[in-house]
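Residue-level listing of the chains:
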Amino acid sequence: MPGGQERALRRRISSVQSTKKITRAMELIAATRVVKAQQRAHAARPYSTKLTSVIEDVAAGGAEASHPLLERREPVRRVGFVVITSDRGLAGPYNSSVIKAAERELMDAQTKGQDYSLMLIGKKGQDYFRFRNYRIDESFTGMSDTPTYDDARQVAEVVADRFESGYIDEVILAYMEFFTIGTQRVAVRRFLPLESIDVIAAAGSGELRAAFEFEPSPEGVLESLLPRYVESRLFSALLDAAASEHANRQRAMKAATDNAEDLITKLTRAMNRARQDAITTEIMEIVGGAEALKDEDDDGEIADLLATANQ
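Remember, it's a predicted structure, so these values are computed and weren't measured experimentally.

Can you help me understand the side chain of E231 in this one?
With respect to the helices, strands and loops of the structure, E231 is situated in helix α6 (residues 218-310). Classification of E231 as buried rests on a relative accessible area of 2%. A polar contact of 3.0 Å, which involves the side chain of E231, links it to the side chain of R228. Those residues in contact with E231 that lie beyond four places of it in its chain are Y149, A152, R153 and A156.

Here is the structure:
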């Protein structure tokens, strides 16, 4: 019935309007968090820059690269995968893009006859790989939204211990790299072993500085610096992933809000048509009823005239 259709459309419009309020609120929250994540990433850069510059000084001081984190192993029997995803959804293609890229690398390693070790950051990645019966060696949750340096240290210690113990021969890091609010790209990079000291030093500023003397020795300083360098790289990746997550969620919620507005417009038009149909039906029923009453009155008058004539 037209009236019943109108009521159903009203209820659906009300439901979509409620959903639109939620998606709009989530869009605004994500926009605020993107800015904060950018600020945190910017604040962490001086530490990473200074750490790289000190390694550059150590390399210039003649340190010999013999740290376990620099050890390249052949053949590679087992590859470790550190996959950074989010704990929450509603972030568009953010999680699926990272997961699919990591899974491709994992399958490629299996094709080469290599075993794998999954170390997952974020509930979404954990759910995906567990549902598909992959073996998960380590999982971390509760740190993807606003990661701290302690979170990075916790994960880096686990990864470095597994590498130094020989359980894994190579570590691949998969995450979403943040460039701008509108540009993020999936990055799949070798995390361990580290590049040579010369390569790390080449990432520094390249500025000429005064010569330094290191105590107890350049090698001793390097022994302490490289674990911090691993933590710094992982922390930078976590900050990039967090900013990318919020940027993707902002875009996804904006698209959802726009779709809700379009749907409300379409439903409103359908409701107006249903209302017009209901009004037209009511008018036709009234006119039909009036015509029926008129016909009954005319029939009564004719009957009266015939009765009078017969008398």
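Is there a simple way to think about the sheet that holds strand β5 (residues 183-192) in this case?
The strands making up a sheet are joined through hydrogen bonds of the backbone, oriented either antiparallel or parallel. Read from one edge of the open sheet, five strands run β3-β2-β1-β4-β5, paired in mixed fashion. Since the sheet does not close on itself, it has two edges, and those belong to β3 (136-140) and β5, each with one partner. Mean inter-strand twist for the sheet, computed between neighbouring axes without regard to direction, equals 20°. Bridge count between strand β4 (residues 170-180) and β5: nine bridges; the pairing is antiparallel.

Got a minute to help me understand the packing of aromatic side chains in this structure?
Here a ring pair, both rings aromatic, is described through the centre-centre distance and the interplanar angle of the planes. Inspection of every chain in the model, using the stated rule, returns five aromatic pairs. Centre to centre, the rings of Y47 and Y149 are 5.8 Å apart; their planes meet at 80°, and the pair counts as edge-to-face. Of this pair, Y47 sits in helix α1 (residues 2-60) while Y149 sits in helix α4 (residues 149-164), and the two are 102 residues apart along the sequence. Aromatic pair F129 and Y134: ring centres 5.3 Å apart, planes at 80°, arrangement edge-to-face. Summarising the burial analysis for this pair, F129 and Y134 share the class buried. One aromatic cluster is present, built from ring pairs that chain together Y116, Y128, F129 and Y134. One residue, R73, lies across the ring of F163, its end atom 4.2 Å from the ring centre. The ring of Y167 is capped by R78, whose NZ or CZ atom sits 4.3 Å from the centre of that ring.

What is the right way to look at the environment of A278 in this model?
Relative to the elements of secondary structure, A278 occurs in helix α6. A residue is classified by how much of its surface remains accessible, and A278, at 13% relative accessible area, is buried.

Explanation requested: the pattern of salt bridges in the structure shown.
One pass over the full model with this rule turns up 19 salt bridges. With a shortest N-O distance of 3.7 Å, D145 and R33 are connected by a salt bridge. Highlighted residues: D145 in the loop between β3 and α4 and R33 in helix α1, separated in sequence by 112 residues. A residue is classified by how much of its surface remains accessible, and R33, at 33% relative accessible area, is partly exposed. Linking R162 and E138 is a salt bridge whose minimum nitrogen-to-oxygen distance equals 3.1 Å. Of this pair, R162 sits in helix α4 while E138 sits in strand β3, placing them 24 residues apart in sequence. Taking the relative accessible area as the measure of exposure, R162 reaches 18% and is therefore buried. One network of salt bridges, with partners in common, ties together E71, R73, R77 and D169.

Would you mind going over the nonpolar core with me for this structure?
Generally speaking, a soluble globular protein has its nonpolar side chains buried in company with each other. Among the nonpolar cores identified, the biggest contains 58 residues, and F81 and L192 are the most heavily contacted of them. If you tally residues by element for this core, the top one is α6, at 11 residues. Look past the residues within four positions of L192 in its chain and what remains in contact with it is L69, V159, A160, F163, E170, V171 and V230. Counting residues in hydrophobic clusters, the runner-up holds nine residues, among them L267, A270, M271 and A274.

Just to check I follow, could you spell out helix α2 (residues 94-111) for this structure?
At 3.6 residues per turn, the α-helix brings residues three or four places apart onto the same side. Taking 1.5 Å of rise per residue, the 18 residues of α2 would be expected to cover 26 Å, and the 26 Å separating its terminal C-alpha atoms lies within 8% of that figure. Taken from the residues just after α2, G113 is the one with a positive phi, measuring 85°.

Teacher, can you tell me more about the packing of α2 against helix α3 (residues 123-131) here?
The geometry of a pair of packed helices is captured by two quantities: the angle between their axes and the separation between those axes. Their axes nearest at 10 Å, the elements α2 and α3 cross at an angle of 50°. By the criterion of interaxial angle, the relationship of α2 to α3 is oblique. Seen along the crossing, α2 lies across α3 with a hand that is right-handed. Contact residues: α2 offers N95, I99, K100 and E103, while α3 offers K124, G125, Y128 and F129. Residue composition of the contact of α2 with α3, by class: three nonpolar, two polar and three charged.

About the thresholds
- Residues numbered from 1 in each chain as written.
- Predicted model: local features only at pLDDT ≥ 70, side-chain atom pairs only at ≥ 80, totals over all residues.
- Heavy atoms only, no water.
- Helix = DSSP H or I, 4+ residues; strand = E, 2+ residues; numbered from the N terminus.
- Buried < 20%, exposed > 50% of the residue type's maximum accessible area, 1.4 Å probe, protein only.
- Polar contact = N/O pair within 3.5 Å; in protein donor to acceptor, adjacent residues only side chain to side chain.
- Contact = heavy atoms within 4.5 Å.
- Pairing = 2+ DSSP bridges.
- Axes fitted to C-alpha atoms, helices over the stretch in contact; angles between N-to-C directions.
- Phe/Tyr/Trp six-rings, centres within 6.5 Å; stacked < 30°, edge-to-face > 60°.
- Lys NZ or Arg CZ within 6 Å of the ring centre and 35° of its normal.
- Salt bridge = Lys/Arg side-chain N within 4 Å of Asp/Glu carboxyl O.
- Core = buried A, V, L, I, M, F, W, Y, C linked by side-chain atoms within 4.5 Å.
- Expected span 1.5 Å × (residues − 1).
- Parallel < 35°, antiparallel > 145°, perpendicular 65-115°, else oblique.
- Left-handed = near helix turned anticlockwise from the far one by under 90°.
- Nonpolar A, V, L, I, M, F, W, Y, C, P; charged D, E, K, R; others polar.

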